[in-house]
Every structure is written in C-alpha cells, then in structure tokens.
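Report on the structure
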2 protein chains.
Amino acid sequence: MVTTLLTPVGDAPWSTEEFESRLRAVPEERYHDRHAFNIRMHSGALSQAELRCWIANRFHYQRHLPVKDALITAKLPTPALRRMWLRRIQDHDGLEEGEGGIERWLRLGEAAGLDRETLLRGDTVLPGVRLAVDGYVNFCRLRPPLEAVAASLTELSAPDLIRTRVAAFERHYPWIDPDGLAYFRSRVPQSRRDGAEALRLVLSWAYTRKDQERAVAALRFACDVLWSLLDAVAHEHCPEGS
Amino acid sequence: MVTTLLTPVGDAPWSTEEFESRLRAVPEERYHDRHAFNIRMHSGALSQAELRCWIANRFHYQRHLPVKDALITAKLPTPALRRMWLRRIQDHDGLEEGEGGIERWLRLGEAAGLDRETLLRGDTVLPGVRLAVDGYVNFCRLRPPLEAVAASLTELSAPDLIRTRVAAFERHYPWIDPDGLAYFRSRVPQSRRDGAEALRLVLSWAYTRKDQERAVAALRFACDVLWSLLDAVAHEHCPEGS
C-alpha cells in the first residue's frame, strides 16, 4: 500500500488502530537498529576504538535527554502531565548524586576505558553528533507538545534493541566490565513504561488527520536524529582511546 | 548614592558583598509589598469581590510557575543543578494528585467562594495579568540561566510578605476558611530555601560587572511583573463572585 504524508486539509482522521499502526511502522522502517554501524556493533565487529567513539558520542545525546524532557515538561498544561514527564528527567539525572542514567552512562564509558572527565568535557564529540542532538533539543523546544511527545516514541523500539545490545556486549566485547552495562539494564523497564505513556498521549491528542500526520513526521524526525548520530560515528576515524 | 545600570564594558566587578546588597536593594525599593493594592489587602480594606479578583488572577501566575521552572531546569548544565531546580516544579505540581502549591491555591479560591472550575478555565483572568505572566515565562524561556535564576530572587522577600499576609487574612477576612491559607503557610519555608539557593547561584555565576548588572536588572524585571499584576487587578472593577 502506498501512503503519503501529504494529504489535503480536512481528510478524515485515521482510526486509532490505523494511527497507531502508522506510528509503529516508522521505527520498523528507520529505527537505528537497522543502521550498518549498529549491525556491526551487535555482531561484534567493532574495534575497541570504534566502540569507545560511539560511547563518547552517544553520551552527548544522553546528557541532553533531561534537557529536552524539561522543555517538554514546560509545554504540558497540567500538574498531572508534568508529574508524569518529570520522572523522565529524574531517570536521567538521578534522585541523588551518583544515580541516574547519565551517571550510569559515565560508568559504561569508564568500563570501556574512557576517562570520565573526557566524557564530561565532550571535546571528542563529532560535529554531526552535535548537530543531530541540537536538532532534537530544538525540535522539542520549538514544536507543539503533540510533536515533541511523538518524537519520544522511539522508546517503543528501545527495549528490544537494548536487550539485543546487552547480549551482544556480553558476548563480543568481554573487555568491557559487565557492571558497566547497568545503564542498558535499567533502561528496559523505563523505556517500556515511557513508550506506553507517550503513545497514550499521542493517540488521545491527535484529533485531526493533520495532527496524526504531524505526529508520524515527528517520530520519523526522531529516528533520523538517531540515524544521523550513527552516520557521524560510522564515518569518523576514531583513534584508539579517543 | 546614585547608581546607574549603564556602565562601560570592562568595569571592575562589584565585591560579592556589594553585589548581594545591590540585589537585596531591588525588592526593598520595588517589591509588590509596597503596591497600594497589597497595602489595602493587608490593612483589611479589600471587598470580597476585590479579594476574589486577586485570588483568581494571581492563580494565573501560580499555575505558570512550574512552567517557568521547567524552562529554567532545561537551561541548567548539570544533573545536580537540575535536581535542585526540579524540586520547585514539584513544590507547585505536587508529588501526587491533590498535593502541591497549585492545588493549595485552588483550595484558597474555594475557601474564598470561588469555583475550582472557574479558576481552572481562567476566563476571568485580566489582559494585563496575562501579559505580565507571559512576559515572565518568556523571560525565563529566552534569557540566559543567570538572568532567569536572578529573576527568582523575589523569593528573598516572600517569607516576610507571606507571614504578614496570613496574619492579615486571619484578622480582616474571617469569611475565608483558615484552612484555605495552607498555601501561604507551606510557602514560607519553601521561599526561604529557594531564595537562598538562587542567591548562591547568582553570586557564584556573575563574574563580570556586566553579568552582575544583568542579574540586578533581571530581579527588577521580576518585581515589575508582580507589580503589574497588582496594577491590573487594582484598576479592574471586579464584579461580586467573579
């Protein structure tokens, strides 16, 4: 079936079932699990330098997640919705010093031989990664809540990817201390919950076909951000220990 | 002593003590405790309609506080700073349904005979109040973290104002159920903590005279927002029960 995002104003909205299936079709087509660099990662083909390069650059994405989630929180109109979204900021930043996803990613870096201070300075972050992350943060800053929340629906595909990743790391990259994989383990239930919450919001907020199409486009955009990040890492020569 | 905000670039920064005293001088001069409407409120001179008008319009300000605090959170560069500021969002929105400053303000409105649904609809909010609140939120959205945080230093003057207000309400407006004053009681320790935290940040972030002047100007701006809100309420004819 050929579908197009461009339809005349006033087209009837899709049924909830069709809308959801169109949303779910986006990551099936273009989530970054299909990117050549991710396929190489999961097959054990990456050098230590390549894997470190990915960890350092993906950290730039990770540390901006609470920023984009605070921007989304500021768009939500009720205390109940903000309370829900606030938890995502806490998941990344932790409830206390030494907790949270950002801290766990730093430990992943250390387990892979990357210096915490280097990661925090961020001076090995590639220009294409900076642009991708800026683009994502600015999308969430500037677009309406429906689109900013729809962009987060990449979470729907994260649990499967992460489970595969943990198994791949344990099998192919034994030089990384398994304790360093705590980030991934903690993200599986968080992603499942976050994806389901965001999906409920998007399904209930998009009344018109135009809104539904905007939500689908937002999710495509978020997939493109993740894809571009891997493009930049894949095409970079990553010196050992960078 | 005559001081001016406009000084040549490169002037030596004020000492921390002088900077702090210049910050503290701002609300002494122009905090809304000096506004004629507030003086009338605290002296018991407001009619029921006027007090209800203030409660309904100030609610528009209250409900936007977690929005501006989420925008500030998004500007803060570390998990530790964001954790600190996140607590402010939680103070307003509550940790659970039925808690938090916004809920307590709704109960103040109910204690004063205002319908919760009317408050939530916001259709009695005056244009000048909308403009003042939009101005404050957009300031926090668009200005650097130093200025957005400095604008919150009105909190330094809040505990005294609130204590006076609670006494005035209990004495002059016995038709308001004292349980409705819970908002004010909870705000005294929160404001004290928030003001001290923000002051520490502003004092440590402003390295140059220009930055120090920008912080002082931001605090003047925040005082102007509160003042304008009372201007709009004072000059409005507020029909009984509005």
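Residues numbered from 1 in each chain as written. Chains lettered and ligands numbered in written order. Predicted model: local features only at pLDDT ≥ 70, side-chain atom pairs only at ≥ 80, totals over all residues. Heavy atoms only, no water.

For the rest of this paragraph, the subject is the interface of chain A and chain B. Contacts between the two partners involve 20 residues from chain A, matched on the other side by 20 residues from chain B. Applying the counting rule to chain A against chain B returns four salt bridges. For the salt bridge of A:Arg83 with B:Glu97, the shortest nitrogen-to-oxygen distance reads 2.6 Å. Summed over the shared surface of chain A and chain B, the result is eight residue pairs in polar contact (both at pLDDT 80 or more). (Contact = heavy atoms within 4.5 Å. Salt bridge = Lys/Arg side-chain N within 4 Å of Asp/Glu carboxyl O. Polar contact = N/O pair within 3.5 Å; in protein donor to acceptor, adjacent residues only side chain to side chain.)

The subject of this paragraph is helix α5 (residues 101–111) of chain A. Residue and element names in this part refer to chain A. A large share of α5 lies buried, amounting to eight of its eleven residues. Turning to α5, its buried residues number three or more, namely Gly101, Ile102, Glu103, Trp105, Leu106, Leu108, Gly109 and Ala111. Phi turns positive one or two residues past the end of α5, at glycine 113, with a value near 90°. (Buried < 20%, exposed > 50% of the residue type's maximum accessible area, 1.4 Å probe, protein only. Helix = DSSP H or I, 4+ residues; strand = E, 2+ residues; numbered from the N terminus.)

Before going further, it helps to examine the relation of the copies chain A and chain B. Expressed as a screw transformation, the operator carrying chain A onto chain B has a rotation angle of 180° and an axial translation of 0.0 Å, and the superposed copies differ by an RMSD of 0.0 Å. The transformation relating the two chain copies, once decomposed into turn and shift, fits a two-fold axis. When C-alpha distances to the rotation axis are compared across chain A, the minimum falls at A:Ala70, with a value of 2.7 Å. A shared binding surface is used by both copies, with 100% of the interface residues of chain A retained as interface residues in chain B. (Least-squares fit on C-alpha atoms with pLDDT ≥ 70 in both.)

Residues and elements named next belong to chain B. The topology assignment puts arginine 165 in helix α9 (residues 158–172). An unpaired buried charge is present at arginine 165: no salt bridge exists, and aspartate 33, the closest side chain of opposite charge, is 8.7 Å distant. In contact with arginine 165, other than residues within four places in its own chain, are Asn38, Met41, His42, Trp54 and Phe184. (Lys, Arg positive; Asp, Glu negative; His and termini not counted.)

A separate point is the packing of aromatic side chains. Summed over all chains, the structure comprises 22 aromatic pairs over all chains. Look at B:Trp105 and B:Phe184: their rings are 5.7 Å apart centre to centre, the planes differ by 80°, and that puts the pair in the edge-to-face class. Taken together, the positions of B:Trp105 in helix α5 (residues 101–111) and B:Phe184 in helix α10 (residues 182–205) put the pair 79 residues apart, joining distant regions of the chain. Of the residues examined, B:Trp105 reaches a relative accessible area of 1% and is grouped as buried. Among the aromatic residues, those joined into a cluster by ring pairs are A:Trp54, A:Trp105, A:Phe169, A:Tyr173, A:Trp175, A:Tyr183 and A:Phe184. When the ring centre of A:Trp85 is taken as origin, the NZ or CZ atom of A:Arg88, which lies over that ring, is 3.6 Å away. (Phe/Tyr/Trp six-rings, centres within 6.5 Å; stacked < 30°, edge-to-face > 60°. Lys NZ or Arg CZ within 6 Å of the ring centre and 35° of its normal.)

All names here are of chain B. When you line up the elements, alanine 132 lands in helix α7 (residues 127–142). On the basis of relative accessibility, which here comes to 9%, the residue alanine 132 falls in the buried class. Separated by 93 residues in the primary sequence, alanine 132 and valine 225 have C-alpha atoms spaced 5.3 Å apart. With near-sequence residues (within four places) excluded, alanine 132 lies in contact with Val225, Ser228 and Leu229.

With that settled, consider the pattern of salt bridges. Residues and elements named next belong to chain A. Enumeration over the complete set of coordinates arrives at 53 salt bridges over all chains. Among the ionic pairs, arginine 107 bridges to glutamate 103, the shortest N-O distance being 2.8 Å. Taken together, the residues span about one helical turn, with arginine 107 and glutamate 103 both in helix α5 at a distance of four residues. Under the relative-accessibility criterion, arginine 107 is labelled partly exposed at 40%. The buried category is assigned to glutamate 103, whose relative accessible area is 13%. In this structure, a network of salt bridges that share partners links the residues Arg87, Arg88, Asp91, Glu155, Arg187, Arg193, Asp194 and Glu197.

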